[in-house]
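So the chains spell out like this:
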Amino acid sequence: MTELTYAEVGATEHGDLPGGYRHLRHRALVGSGPRAMREAADAVLEFWMHRAAGVRIDASAQRAAPGVHVESRMGIGPLSLSAPCRVVWVQDGARRAGFGYGTLPGHPATGEEAFAVELDDMDDVWLQVTSFSRPAGWQMRAAGPLAPLFQRVYARRLGTTLRRLVG
């Protein structure tokens, strides 16, 4: 099995992000009630949120589980960007569900990203995107300050997409 490209494996699960990386925390309201929570959880854990947002996903399993290999691809033809990752943690409870995956060799960044949905005490369902990353490949280095901007835009798009899927 290919090794992850960073040492702080699992740091996104509880949100205590390591130093030396860019951090992203984005929260979006996506629905309300236990039914919306279950639909949101399935959309996240089965990669439908990503696919509906326009990302091509090739995963070694239908549902996120520790060890599942996930390759994301965005763009067209020679301008497409491939991002190989491995799922490092999963939660699938009635009030919190999601997963985190870490970068593998060939990914343009080094770090971890997590996608979790939570049902709060007011019965609102929130998507939380959390990541820590730094450039690993020439693409991210060349993007410079645009890379974190892209990550924030992408996180917002996932929230909008999940809201549409749940609604």
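Definitions and limits used
- Residues numbered from 1 in each chain as written.
- Predicted model: local features only at pLDDT ≥ 70, side-chain atom pairs only at ≥ 80, totals over all residues.
- Heavy atoms only, no water.
- Phe/Tyr/Trp six-rings, centres within 6.5 Å; stacked < 30°, edge-to-face > 60°.
- Helix = DSSP H or I, 4+ residues; strand = E, 2+ residues; numbered from the N terminus.
- Buried < 20%, exposed > 50% of the residue type's maximum accessible area, 1.4 Å probe, protein only.
- Core = buried A, V, L, I, M, F, W, Y, C linked by side-chain atoms within 4.5 Å.
- Patch = residues over 30% accessible without salt bridge, like charges linked within 9 Å, V, L, I, M, F, W, Y side chains within 5 Å.
- Areas by Shrake-Rupley, 256 points an atom, 1.4 Å probe, with all protein chains shown as cover.
- Salt bridge = Lys/Arg side-chain N within 4 Å of Asp/Glu carboxyl O.
- Pairing = 2+ DSSP bridges.
- Axes fitted to C-alpha atoms, helices over the stretch in contact; angles between N-to-C directions.

Engineer: Before we move on, can you summarise the packing of aromatic side chains with the specific residues and values?
Structural biologist: In this description, a pair of aromatic rings is defined by centroid distance and the angle of the planes. One pass over the full model with this rule turns up 7 aromatic pairs. Taken together, a centroid distance of 6.2 Å and an interplanar angle of 10° make the contact between Phe-150 and Tyr-154 stacked. Separated by 4 residues within a single helix, Phe-150 and Tyr-154 lie in helix α4 (residues 146–166), roughly one turn from each other. Overall, the relative accessible area of 12% leaves Tyr-154 in the buried class.

Engineer: An account of the nonpolar core is requested, with residue identities and associated values reported.
Structural biologist: Core analysis: the largest hydrophobic core is formed by 34 residues, its most contacted members being Phe-99, Val-117, Leu-127 and Leu-162. For this core, the element with the highest residue contribution is helix α1 (residues 34–45), accounting for 7 residues.

Engineer: Could you give an account of a nonpolar patch on the surface, naming the residues involved and the relevant values?
Structural biologist: Nonpolar side chains collect at one region of the surface, where Leu-146, Leu-149 and Val-153 lie side by side and expose about 270 Å² of accessible area between them. Within the element layout of this structure, Val-153 appears in helix α4. Residue Val-153 is classed as partly exposed on the basis of its relative accessible area of 45%.

Engineer: Which residues make up the sheet that holds strand β2 (residues 56–59), and what values do they have?
Structural biologist: The antiparallel open sheet is built from 7 strands, whose spatial order is β1-β7-β6-β5-β4-β3-β2. The sheet is open, and its two edges are formed by β1 (22–32) and β2, each paired on a single side. Taking each pair of neighbouring strands and ignoring which way they run, the sheet shows an average axis angle of 20°. Pairing between β2 and strand β3 (residues 69–74): 4 bridges, direction antiparallel. Within the sheet, the bridge partner assigned to Asp-58 lies in β3 and is Glu-71.

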